[in-house]
Number of protein chains: 2
Amino acid sequence: MNPTIHDVARLSKTSKSTVSRYLNGQPVKKRTEETLKAAIKELGYHPNVNARRLVKNSTQTIGVVVDDISNNFYSGILRGIEKVANLHNYQCVYYNGVSHRQGEFGFLNLAHERQVDGLILISFLKRSPELFEKIKDLSMPVALIGDGGEGIRDHGLLSVDVNNEHGIKEIVHYLNRIGHKEIAFIAGPDEFSATSQRITGYKKALKELGLTLQPSWIVPSDWSKEGGYKAMSELINKGGMTAVIASNDETAIGALLCTHELGFRVPKHFSIAGFDDIEVSSWVYPPLTTVKQPLYQIGIEATEGLVKKMKNKEAPLQGRRLIEPNLVVRDSCMNLL
Amino acid sequence: MNPTIHDVARLSKTSKSTVSRYLNGQPVKKRTEETLKAAIKELGYHPNVNARRLVKNSTQTIGVVVDDISNNFYSGILRGIEKVANLHNYQCVYYNGVSHRQGEFGFLNLAHERQVDGLILISFLKRSPELFEKIKDLSMPVALIGDGGEGIRDHGLLSVDVNNEHGIKEIVHYLNRIGHKEIAFIAGPDEFSATSQRITGYKKALKELGLTLQPSWIVPSDWSKEGGYKAMSELINKGGMTAVIASNDETAIGALLCTHELGFRVPKHFSIAGFDDIEVSSWVYPPLTTVKQPLYQIGIEATEGLVKKMKNKEAPLQGRRLIEPNLVVRDSCMNLL
DNA sequence: GTGAAAGCGCTAACAG
DNA sequence: CTGTTAGCGCTTTCAC
C-alpha cells in the first residue's frame, strides 16, 4: 500500500492538516517543514490526486477533444494549448473524439464525471445544433476551436478560428499585385465551415479588385491530393486562367502534380497557391506560396479564454475571435509584370 | 451542485448501496431497476469518477507518454493503443513528455498520484539508465514502445519495437535481387537506438550476399531532409554505387531532391530506398520504395501486454517483441537485370 | 436483494 | 502556526 498523508503525519509527529497545509504551500514553522520534508522523502509519499479532486471538486485539468489526435495539422494548436495550460498549472488530457466507443458525444463524460474543469473542442467540421444543446447543459466552461457554430443562434461560447475570408483575400490581392487577373479557385468540401468562408473571401476580393467572377472557375474538391489533381485537370481543360488558388495545401500539391504531368510548368504556365502552410508545402517543387494558419496563436487564445473562465466564473468572455493568417510567398506564383 | 448517488437513492426510495450496485451491473430487482433508471434520468445523474477512483484505488486509465503528441509518426501507434484500450474498457490519457514543466520525468507523477493504472512510454530515443531506475520504483505495469533499453541489464519490462535490422536486410536483399551490388547507406543519428540496428542490418545483409562492405559508403546523417540532401551529395561525389538506402524516408526524400538538382535521375542513375513509409513517401517523384513500419501492430501488442499485466498482477509477460516490417516497392529503385 | 455503516485520502473550517 | 473534526461521493463488507 502507498503511504498516505496520515503516515506522513505520524512519522513526523504532526497532524494531517499540517501536512496538507505544507503540501499546499501554506505557512508552517521552519522546523516543522524540515521534519515534514524528511518524512515525505523517507516514505516516498505522493499525494493521491483522486482524493484531492474529490474533496476540492476540481481537477486542475483541461480536456482537449480532437477528432484525430494524431492529425498533424493540430500540432501547433496543441502546443499553444499546453503552453498556456502549463503556465496556469493546468494539466491537459487529450480525448480522441472519434475513436471512442461512446460515440460522437462520448467526450461529454469527461465533463459529467468531473474528470476535467473545462473543455476545448477542436473541429473544423461544421458542428451540429445537438452539440450546442448538450454543451449548454454542461455547467462547465467550454472553448471552441475551428467551427464556432455559425448559423446556430447565440450560444454564449468562446470560439477561436483563423480568419479564412481574409486569408484568401490576401492571396488574391497578392496575385493581382504581381499581375494576375485570371484567377481560378479550387474549393473545399461542404462539411467544413472554412469552405464557404474561403469562397466568400475569393469572391469579395475579386470584386474589390474589379475582376470579373467566372463561376465555372470555382471548382469543388475534397481537400485531398487526388481531388486537387482532378480539379486542376478540369481547370486546365477549361483554360484561360493564369493562376489558381487551391483552398488548402494538399489540394494545391495535387494540382501541382497534375500540372507537371500534363507537361506544363509551375509557375511558368500556371501559378498555384495554397492555404494552411503544412510542412510538405516547402518540400514540393516548386515550394508552395500559401497562407500560414496561425495555429499556435489559436491554441493560445482559446486556452487563455478558457482559463479565465475557469478561474473566474463571472468573466463572460464569450464571442468569436478570428486570428489573422500570414501570406507565405515562395516560388509557385509568377510575377507577370 | 451536481446530483450524487445519495440524491438518486432518496428520489427512488432505495439506498446508496442499491444505486451503486445497479450502476455497477450487479443484480437488482426488476422493479427497483426501473425506479432507479427513472430517478437517474430525472436528476441527470452521472457518477463522480474521482470518488470512485479514490475508493477503488484504480482508474481504468492508461497513461500514454509521448515526446511529442503531435508527431505524425506516432499516429498509427496511438490508434493501436486506443483500439485495445477501448476494447478492455480502459481510457487513455496522453501526456506530452517534453512540454511539461516538471521536466523529463514529469510523467512519473501520473503514476505516483494514481491518475493511471499503467503506463506506455513511447520513445525512439535511447533511454537513460535513470529512467529504468525510476520505473522500477513505480509498482505499476509499464510497457515500452521504441527503444527497449538495450545495454541496460534486465529490467523486466515489456517492450515492443519494429525489427529494424530485419527491415534493412529486406531492402538490401531486394536491391540485390534486382541486380544491385554497389549499395551505399545513409545512417541516422546516434541518439536513436534504431540507428545502430539498421546499420547492423545493412552490414549483415551485405555479408550474407557476399557483397563487399565499403566503409566510406556508410555516411552519417540526421534523419532530416536537409541532412539527406547533404549526405547524398557526398555520396555522389564519391561515386560508384548504383543504389543508396537512406535509413529513413525523410532522408531519402532529401537524397531524391539532391540527385535531381545535380542533374541525375532516380531511379535511372541512382536507386534510392527509405525506411518508415511516411505519408509523403508516396507523394514524391518518383514514389519511394521503402519499408513500412508496423505502427498499428506495435501499438496493439504493447497495449495487450500492458492490459494483461494490469488485470493480472501475476502475469510477467516481460520481454522484447520485435514486429516485422514490410517492404513497400514503388518506383525509386531500378531493375538492373 | 437490500440497507446501515465504515472508510478510501484528502481539505477546510474551527478552535486553540 | 497547529490539531480536531467533519465531510467530499462512492464502494464494500456485513447483517438481514
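This is a predicted model, so every value here is computed, not measured.

Asker: Would you explain the state of the cysteines in this entry?
Answerer: Each disulfide consists of a covalent bond between the sulfur atoms of two cysteine residues. Counted by the stated rule, this structure contains 0 disulfides over all chains. Not part of a disulfide, Cys333 of chain A finds its nearest cysteine sulfur in Cys258 of chain A, a span of 16 Å.

Asker: Is there a simple way to think about the protein's contact with DNA strand C in this case?
Answerer: Taken together, the neighbourhood of DNA strand C is formed by 25 residues, with Ile5, Lys16 and Tyr45 of chain A together with Thr18 and Thr32 of chain B sitting nearest. When the atoms of DNA strand C within 4 Å of the protein are sorted by group, sugar and phosphate make up 59%. Within the side chain of Lys16 of chain A, one N or O atom sits 2.5 Å away from a base nitrogen of DNA strand C. Contributing elements (two or more residues each) for the surface near DNA strand C: helix H2 (16–23) and helix H4 (49–56) of chain A together with helix H2 (16–23) and helix H4 (49–56) of chain B. Of the residues contributing to the surface near DNA strand C, the split by class is 9 nonpolar, 10 polar and 6 charged.

Asker: I would appreciate a short explanation of the nonpolar core in the present structure.
Answerer: One broad rule of soluble globular proteins: the nonpolar side chains tend to lie buried together. Grouped together as the largest cluster of nonpolar side chains are 88 residues, with contacts concentrated most on Leu175 and Tyr202 of chain A together with Leu175 and Tyr202 of chain B. When residues no more than four places from it in sequence are discounted, the contact partners of Leu175 of chain B are His180, Ile183, Ala243, Ile245 and Cys333 of chain B. Among the nonpolar cores identified, the runner-up in size contains 63 residues, and Ile77 and Phe124 of chain A together with Val66 and Ala302 of chain B belong to it.

Asker: What am I meant to see in the sheet that holds strand S8 (residues 243–246) of chain B here?
Answerer: The strands making up a sheet associate through hydrogen bonds between their backbones, and the pairing can be parallel or antiparallel. Residues and elements named next belong to chain B. Read from one edge of the open sheet, 4 strands run S7-S6-S8-S9, paired in parallel fashion. Looking at strand neighbours, the two that pair on one side only are strand S7 (218–220) and strand S9 (271–273), the edges of this open sheet. Averaged over all neighbouring strand pairs, the angle between strand axes comes to 20°, with direction disregarded. One ladder, built from 3 bridges, connects S8 with S9; its direction is parallel. By the bridge assignment for S9, Ile245 is matched with Ala273. Here helix H11 (residues 249–261) sits on the sheet in contact with strand S6 (183–187), S8 and S9, set at roughly 160° to S9.

Asker: In this structure, what is going on with the protein's contact with DNA strand D? I would like to understand it.
Answerer: Residues in contact with DNA strand D amount to 25 residues; listed here are only the nearest, Ser17 and Thr32 of chain A together with Ile5, Lys16 and Tyr45 of chain B. Looking at DNA strand D alone, sugar and phosphate atoms form 56% of those within 4 Å of the protein. Between DNA strand D and Thr32 of chain A, the relevant distance is 2.3 Å, taken from a phosphate oxygen to a side-chain nitrogen or oxygen of the residue. Contact distances for DNA strand D include 2.3 Å between a phosphate oxygen and a backbone N or O atom of Ile5 of chain B. Among the elements of the structure, H2 and H4 of chain A together with H2 and H4 of chain B are those that each provide at least two residues to the surface near DNA strand D. By residue class, the composition of the surface near DNA strand D is 9 nonpolar, 10 polar and 6 charged.

Asker: I would appreciate a short explanation of the UniProt feature "domain: HTH lacI-type" (unreviewed entry) in chain A in the present structure.
Answerer: Per the UniProt record, the feature "domain: HTH lacI-type" (unreviewed entry) sits at residues 3–56 of chain A. As annotated, residues 3–56 of chain A comprises 69% helix and 0% strand, and the C-alpha atoms at either end are separated by 21 Å.

Asker: Is there a simple way to think about the interface of chain B and chain A in this case?
Answerer: A common measure of how large an interface is: the accessible area buried when the components associate. Contact with chain B, which involves 43 residues of that partner, is made by 42 residues of chain A. Interface area, chain B with chain A, both sides summed: about 4,000 Å², of which 51% is carbon and sulfur. The interface formed by chain B and chain A holds 0 salt bridges in total. For the pair chain B and chain A, the number of links is 8 residue pairs in polar contact (both at pLDDT 80 or more). Listing elements by their share of the side of chain B that touches chain A, those giving two or more residues are H4, helix H5 (75–87), strand S2 (91–96), helix H6 (108–112) and H11 of chain B. In terms of residue class, the side of chain B that touches chain A is built from 16 nonpolar, 19 polar and 8 charged.

Asker: Help me out: how do you make sense of the sheet that holds S2 of chain B in this one?
Answerer: Residue and element names in this part refer to chain B. The strand order S2-S1-S3-S4-S5-S11 describes an open sheet built from 6 strands, whose pairing is parallel. Looking along the sheet, the strands with just one partner apiece sit at the ends: S2 and strand S11 (319–323). Strand-to-strand twist across the sheet, computed as the mean angle between neighbouring axes with direction ignored, equals 20°. One ladder, built from 3 bridges, connects strand S4 (residues 142–146) with strand S5 (residues 158–162); its direction is parallel. Its bridge partner lying in S5, Ala143 is registered against Leu158.

Asker: Is there a simple way to think about the relation of the copies chain B and chain A in this case?
Answerer: These two copies of the chain differ by a rotation about an axis and a displacement along the same axis. You can overlay chain B on chain A at an RMSD of 0.1 Å; the transform is a turn of 180° with a shift of 0.0 Å along its axis. Taken together, the turn and the small shift mark the pair as related by a two-fold rotation axis. When the interface residues of chain B are mapped onto chain A, 98% of them again fall at the interface, so both copies present the same face.

Asker: How do you make sense of the domain arrangement of chain A when you look at a structure like this?
Answerer: Domain boundaries in chain A define domain 1 (1–43), domain 2 (61–163 + 295–323) and domain 3 (164–293). Relative placement of domain 1 of chain A and domain 2 of chain A: their C-alpha centres are 38 Å apart.

Asker: What should I look at first to understand the pairing of strand S5 (residues 158–162) of chain A in this one?
Answerer: One face of the sheet, then the other: side chains in a regular strand alternate in exactly this way. All names here are of chain A. Among the 5 residues in S5, 5 count as buried, and that is most of the element. The alternating pattern of S5 places Leu158, Val160 and Val162 on one face and Ser159 and Asp161 on the opposite face, and all of these are buried. Pairing of S5 with strand S11 (residues 319–323), which is carried by 5 bridges, proceeds in the parallel orientation. Counted as the bridge partner of Ser159 is Arg320 from S11.

What counts, and where the lines are drawn
- Residues numbered from 1 in each chain as written.
- Chains lettered and ligands numbered in written order.
- Predicted model: local features only at pLDDT ≥ 70, side-chain atom pairs only at ≥ 80, totals over all residues.
- Heavy atoms only, no water.
- Disulfide = S-S within 2.5 Å.
- Near = heavy atom within 4 Å.
- Polar contact = N/O pair within 3.5 Å; in protein donor to acceptor, adjacent residues only side chain to side chain.
- Helix = DSSP H or I, 4+ residues; strand = E, 2+ residues; numbered from the N terminus.
- Nonpolar A, V, L, I, M, F, W, Y, C, P; charged D, E, K, R; others polar.
- Core = buried A, V, L, I, M, F, W, Y, C linked by side-chain atoms within 4.5 Å.
- Buried < 20%, exposed > 50% of the residue type's maximum accessible area, 1.4 Å probe, protein only.
- Contact = heavy atoms within 4.5 Å.
- Pairing = 2+ DSSP bridges.
- Axes fitted to C-alpha atoms, helices over the stretch in contact; angles between N-to-C directions.
- UniProt positions renumbered as here; feature names shortened; annotations may be inferred.
- Buried area = accessible area lost by both parts, 1.4 Å probe.
- Salt bridge = Lys/Arg side-chain N within 4 Å of Asp/Glu carboxyl O.
- Least-squares fit on C-alpha atoms with pLDDT ≥ 70 in both.
- Domains from an automatic or database assignment.

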